[in-house]
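An overview of the molecular structure
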Amino acid sequence: METMVFESRPLGAAGPIRRRAARLGLLLALAFGAVTAVQAQQLTVTGTVSSTIGVPLSGVTVNVRGTEVRASTNDRGRYTILAPSTGQLTFLAVGKKTVQVDIGGRTRIDVSMEAIAYLEQTVVTAYTVQRRSEITGAVSTVDVDAAKKETGASILKRLDAVPGITVQTSGAPGSRSTVRIRGISSFQNNDPLYVIDGVPVQDSYINFLNPNDITSIQVLKDASASSIYGSRASNGVILIETTKGGAGGPPKMTATIRTGMATPVNGYDRFTLTNSLDYFNVVKKAYQNAGLPVPTNIYGDPNAPSVPAYTFAANDTRTGTDAFGRPTGVDPAKYSYPNSLIMAGSPGTNWWKAVFGDPGQVTDANLSITGSGTGNQYGISFNYFNQDGTAAYNNFRRVSVRANTQFTRGKLTFGENVGISAERQFGGLPNDETGETALIGKNILMQPVVPIRDINGNFASGKAVGLGNNTNPLKAAFEARDNIGRNNRVFGNVFAGLAPIPSMALRSSFGFSVNQGNFSGYNAITPENSEPSFSNSVFENSSSATDWTWSNTAKYTRGFGANNLSVLVGQEANAGTSRFINGALSNLLSTDPNSRYIQDALGDANTRSVSSSGGESALLSFFGKADYNFDEKYIASVTVRRDGSSRLGPNSRWGTFPAFGLGWRISKEPFMKGNRVISDAMLRVGYGVTGNQSIPSGRTLNQFGGANGDTYYDIIGSNNTVRAGYRQVSLGNPNLKWEENRSTNAGADLSLFDNRVSLIIDVYDRATNNLLFDPALPGAAGIAAPPIVNIGRMNNRGFDISLSHQGNSWNVSGAISRYKNKIVSIDGSRTSSSARSRPVSATRSSTRWGGRSARSSASRPTATSVTRPT
């Protein structure tokens, strides 16, 4: 502390002036002394942050309370920060309890941080945030940090680490991921509802989201947890938060670039035959077992087979044949594409290696800028993602920008969260199916004796009898290399919240999604096929979809001694429109990519076709939820939602969906005190009803349409044009009503051994009634699509178990889940006891440990007359 001494002298004639000057000098001296005193109180504080057993913790945020001054611990857990000697430090870390320490003039402060118990963790649930000890339903949290360590276009591929969730996806870059929560419960759409930053998303394709922007993912698996979303929650709900705001202080810029190579492993070549003679031996056995003569046109003598010199040679190119009619000599000068082809025999073509032989490069670049100030926080992120497919000639690229800001003015909070993305898919064919139209199907159906190219370098195929009617998979990929799919989306919301009193919170949010996509493709001629096509074609389609959701909620929380009550009420309106237009043209005069347009002058004008379709839908909802707990020991939850859907019949548009749950935090009981094994425990049970209205819009009415060659009459009018007609394309059902899903879930959440081990067990039973189903009609009913009706019942039972251990610098987790789907009845009267309508069962079990999984394939032991996949 620096002290200034002022000398006192007698004042003369200038006394008043001197007295004023003396006062001013005294004030300046006091102010300077105060500033100097404050400066002198600033200390450089250092220390180490560790776990309760002494392991250093990195990435812990150290903040001087009441200021924007902060620091982070390094890899050794050490920090350095400038702080006032009488101030307070706050230590924050994910998964750890917050620690606050008074500085008290010390220059070294070491702290230890305790892990947050599982039941004390906070998670985002429907329209609110709750502690796990307040939740009576089945809710799982995805480890986002661990999921981000895997580079990919979509984070959905990493959801299979959650017990009860199965994810099916192909290796194609940017492909759609099929997510199922606890199996299948409907003949219609079985996709879960995605709620992104509070905005419901009907589309299951969410590759427009940059995984690096995602801050949390919660999965609501049972009806008691998800019923507040009513009609759209029958398949479960996945809540995704992307509101990455600033942590305080000046702008912080973070840049990351990941690059690597993706290589397919354990391909189909591991079990398919790649040797031509080995393949023939299998074919030979098949014919012999069927009592049929073995073909000789490819391999010759069945008892002494040989690889043919040529699998195919046009008659005018042959110069000799053997006793089995196989070409032994050809005249290459007579080769002519596409009419006179010559294909040599192959001792063994590895078709898998031909298509999937080269690795695909992946680049993922991210840049984020975050920060905050007094009453505001902001975050801006940029992403560039580029992935080559492991299959030949395909690529996916995405550029996205996301911005979110939040402002606080007294009791009012408002902000926005908006993302813009542009995706481009180059080349590629569907490879998630094994049929002959998909890439993998083409690959595994092509026989090894067929060469990749013919003698002139053009693509070969199985043109000879007995080699199948498939298309060369490498040619299919090559010809599609210039196909391009574009998808542009603007997605986000604007919101405002008001807290008129501390116990009440009002919030209004308007979410929107605007999506525009188009695709242009080309079909080449295939003269090398056994079923050749000499007509090429170009096709295009364009789609647009707009969806908006306006939600308004009010939450009231009040405590009365040991009683705690929270009430949430809300209203939500949703509407969406979609439009799709497509066209095609055949017999192009030029195959140059610059000439691939649907114009009469570029092809056969008589083959030009154009059509469009679209739909509109709306949903109006009212909901309420009440949560009560006594002394954080006994928990009860009641939810009710009422939805009105435009997709259903006029007399059945409204549905009511209730749910309730009970919980007992048994570890709070006196008899559990001092238990050395169970640190925390909660038992819970829930029951709820959800609805399903996921059918195409307009199916309550008869629909009419037609196409060229389908409803055009061969009658020439005055202008030399054919007469157009129309037909009924689908039958309507004005009595359509809600499909109902009734679910019961019982579970237990256990924290063991001083909260180091977590064990979560859930057992569930789910029954679906009034299934929305469009059964096949007899031929006498015409060619119109059958009406969708409410008929049948389905049952789904299973269990989920997860076990995890949280160390100080490591963790390990494992999960096992099993479910069984059964179609109980189809026609509404015959049940599983009927021989005509026996149940179809599909059982799936999965075991996961340390991120690796092994699943048994679904088994269907019985057959029914159902023609739709279950």
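Remember, it's a predicted structure, so these values are computed and weren't measured experimentally.

The rules behind the values
Residues numbered from 1 in each chain as written. Predicted model: local features only at pLDDT ≥ 70, side-chain atom pairs only at ≥ 80, totals over all residues. Heavy atoms only, no water. Helix = DSSP H or I, 4+ residues; strand = E, 2+ residues; numbered from the N terminus. Buried < 20%, exposed > 50% of the residue type's maximum accessible area, 1.4 Å probe, protein only. Contact = heavy atoms within 4.5 Å. Areas by Shrake-Rupley, 256 points an atom, 1.4 Å probe, with all protein chains shown as cover. Expected span 1.5 Å × (residues − 1). Arc of directions from axis to C-beta. Polar contact = N/O pair within 3.5 Å; in protein donor to acceptor, adjacent residues only side chain to side chain. Pairing = 2+ DSSP bridges. Axes fitted to C-alpha atoms, helices over the stretch in contact; angles between N-to-C directions. pLDDT = per-residue confidence, 0-100. Core = buried A, V, L, I, M, F, W, Y, C linked by side-chain atoms within 4.5 Å. Salt bridge = Lys/Arg side-chain N within 4 Å of Asp/Glu carboxyl O. Phe/Tyr/Trp six-rings, centres within 6.5 Å; stacked < 30°, edge-to-face > 60°. Patch = residues over 30% accessible without salt bridge, like charges linked within 9 Å, V, L, I, M, F, W, Y side chains within 5 Å.

**Quick notes on the overall build of the chain**
Helix and strand counts for the chain stand at seven helices and 45 strands. When burial is assessed residue by residue, the chain has 44% of its 870 residues classed as buried. Contacts in the chain between residues far apart in sequence, at least 24 positions, make up 65% of those at least 6 positions apart. Surface exposure of the chain reaches about 42300 Å², of which carbon and sulfur atoms provide 54%.

**As for helix α4 (residues 276–289)**
In a regular helix each residue adds 1.5 Å, so 14 residues correspond to 20 Å; α4 covers 20 Å between its end C-alpha atoms and thus fits that length. All of the buried residues along α4 are S276, F280 and K284. Mapping the buried residues of α4 onto a view down its axis gives an arc of 80°, with all of them on the same face. Exposed positions of α4 whose direction lies more than 90 degrees from the buried face are K285 and N289. Residue N275 occupies the N-cap position of α4, its side-chain oxygen lying 3.0 Å from the main-chain nitrogen of L277. G291 sits one or two positions beyond α4 and adopts a positive phi of about 70°.

**As for the sheet that holds strand β7 (residues 111–113)**
Strand order in the open sheet made by the three strands is β4-β1-β7, with mixed pairing throughout. The open sheet has two edge strands with one neighbour each: β4 (78–84) and β7. Strand-to-strand twist of the sheet, defined as the mean angle between neighbouring strand axes without regard to direction, takes the value 40°. Relative to β7, strand β1 (residues 42–51) runs parallel, the two sharing three bridges. Of the residues in β7, the one forming a bridge with S51 is M113.

**Details of the environment of P500**
Tracing the sequence through the fold places P500 in the loop between β26 (484–498) and β27 (504–523). In this structure, P500 is in contact with K411 and L506, ignoring residues within four places of it in sequence.

**Digging into the sheet that holds strand β15 (residues 216–220)**
Taken in spatial order, the five strands line up as β10-β15-β16-β13-β14 in an open sheet, and their pairing is mixed. Only two strands of the sheet have a single neighbouring strand rather than two, namely β10 (139–141) and β14 (199–201). Each neighbouring strand pair of the sheet contributes to a mean axis angle of 25°, computed without reference to strand direction. As defined by bridge partners, β15 adjoins strand β16 (residues 237–241) across five bridges and the pair is classed as antiparallel. The residue of β16 that forms the bridge with I217 is I240.

**Some points on the confidence of the model for the chain**
Taken as a whole, the chain shows an average pLDDT of 83; of its residues, 87% reach a score of 70 or greater. The low-confidence segment residues 1–22, where pLDDT is below 50, has 11 contacts with residues more than four positions distant or belonging to other chains. For residues 830–870, every residue scores under 50 in pLDDT, and the model assigns this stretch 92 contacts once sequence neighbours within four places are set aside.

**Section: the nonpolar core**
Counting 24 residues, the largest nonpolar core has L159, I165, Y194, I196, I217, I238 and I240 as its most contacted members. Counting 19 residues, the second largest nonpolar core, distinct from the first, contains V60, A71, Y79 and I109.

**Topic: the pattern of salt bridges**
Two side chains bearing opposite charge may form a pair once their charged atoms approach each other closely. Within this structure, the stated rule accounts for 23 salt bridges. Across the salt bridge formed by K221 and D800, the nearest N and O atoms sit 3.4 Å from each other. Highlighted residues: K221 in the loop between β15 and α3 (223–226) and D800 in strand β42 (residues 793–806), separated in sequence by 579 residues. A relative accessible area of 2% means that D800 is categorised as buried. As a salt-bridge pair, E669 and K633 come within 3.8 Å of each other at their nearest N and O atoms. Note that E669 is positioned in the loop between β32 (654–664) and β33 (678–692) and K633 in the loop between β30 (609–630) and β31 (634–645), a separation of 36 residues in sequence. K633 carries the same exposure label as E669, and that label is buried. Members of the salt-bridge network, linked through shared partners, are R131, E134, E632 and K668.

**Re the packing of aromatic side chains**
With the rule as written, the count across this model stands at 18 aromatic pairs. Relative to F356, the ring of W352 lies with its centre 4.2 Å away and its plane at 20°, an arrangement referred to as stacked. Highlighted residues: W352 and F356, both in helix α5 (residues 351–356), separated by four residues, approximately one helical turn. Under the relative-accessibility criterion, W352 is labelled buried at 13%. Here F356 falls in the buried class, since its relative accessible area comes to 7%. Seen from their ring centres, F660 and Y687 are 6.1 Å apart, and the 45° between their planes marks the pair as tilted. Of this pair, F660 sits in strand β32 while Y687 sits in strand β33; the two residues are 27 residues apart in sequence, bridging distant segments of the chain.

**A short note on the environment of F187**
Relative to the helices and strands, F187 is located in the loop between β12 (178–181) and β13 (193–196). Considered as a pair, F187 and D774 are 587 residues apart in the sequence and their alpha carbons are 8.7 Å apart.

**So, the side chain of K625**
Within the secondary structure, K625 is located in strand β30. Using a relative accessible area of 12% as the deciding quantity, one classes K625 as buried. Only 2.7 Å separates the side chain of K625 from the side chain of D627, close enough to count as a polar contact. For K625, the contacting residues outside a window of four places in its chain are Q130, I228, S566, V567, L568, S637, V638 and T639.

**A word on a nonpolar patch on the surface**
Together, F560, L565, Y628, F630, Y634, W664, F671 and L683 give the surface a local cluster of nonpolar side chains, amounting to about 720 Å² of exposed area. Inspection of the secondary structure assignment puts L565 in strand β29 (residues 563–586). By relative accessible area, L565 is classed as partly exposed at 31%.

**As for the pairing of β26**
As paired elements, strand β25 (residues 412–427) and β26 share 15 bridges and run antiparallel to each other. From the neighbouring strand, F414 faces β26, where its bridge partner is A496. As paired elements, β26 and β27 share 15 bridges and run antiparallel to each other. In the sheet register, N493 faces β27, and the bridge partner there is G511.

**Comments concerning unusual backbone geometry**
Geometrically, the link from Y337 to P338 is a cis peptide bond, its omega value of 15° lying close to zero. Along the polypeptide, P338 turns up in the loop between β20 (327–330) and β21 (342–344). Even without a glycine there, the phi angle at N266 is positive, about 50°. Among the structural elements, N266 can be located in the loop between β17 (252–262) and α4. Positioned with a positive phi, F753 is a non-glycine residue whose angle comes to about 50°.

**A short note on the side chain of N383**
Note on placement: N383 falls in strand β23 (residues 376–388). On the accessibility criterion, N383 (3% relative accessible area) is buried. Reaching out from N383, the side chain makes a polar contact with the side chain of D364 at a distance of 2.9 Å. In contact with N383, not counting residues within four places along its chain, are N210, D364, A365, N366, R398, V399 and S400.

**Let's talk about the environment of G164**
Inspection of the secondary structure puts G164 in the loop between α2 (144–148) and β11 (165–168). On the basis of relative accessible area, G164 is assigned to the buried category, the value being 5%. A sequence separation of 55 residues divides G164 from V219, and the C-alpha atoms of the two residues are 9.9 Å apart. If sequence neighbours within four positions are ignored, G164 has contacts with R180, I181, R182, D800 and S817.

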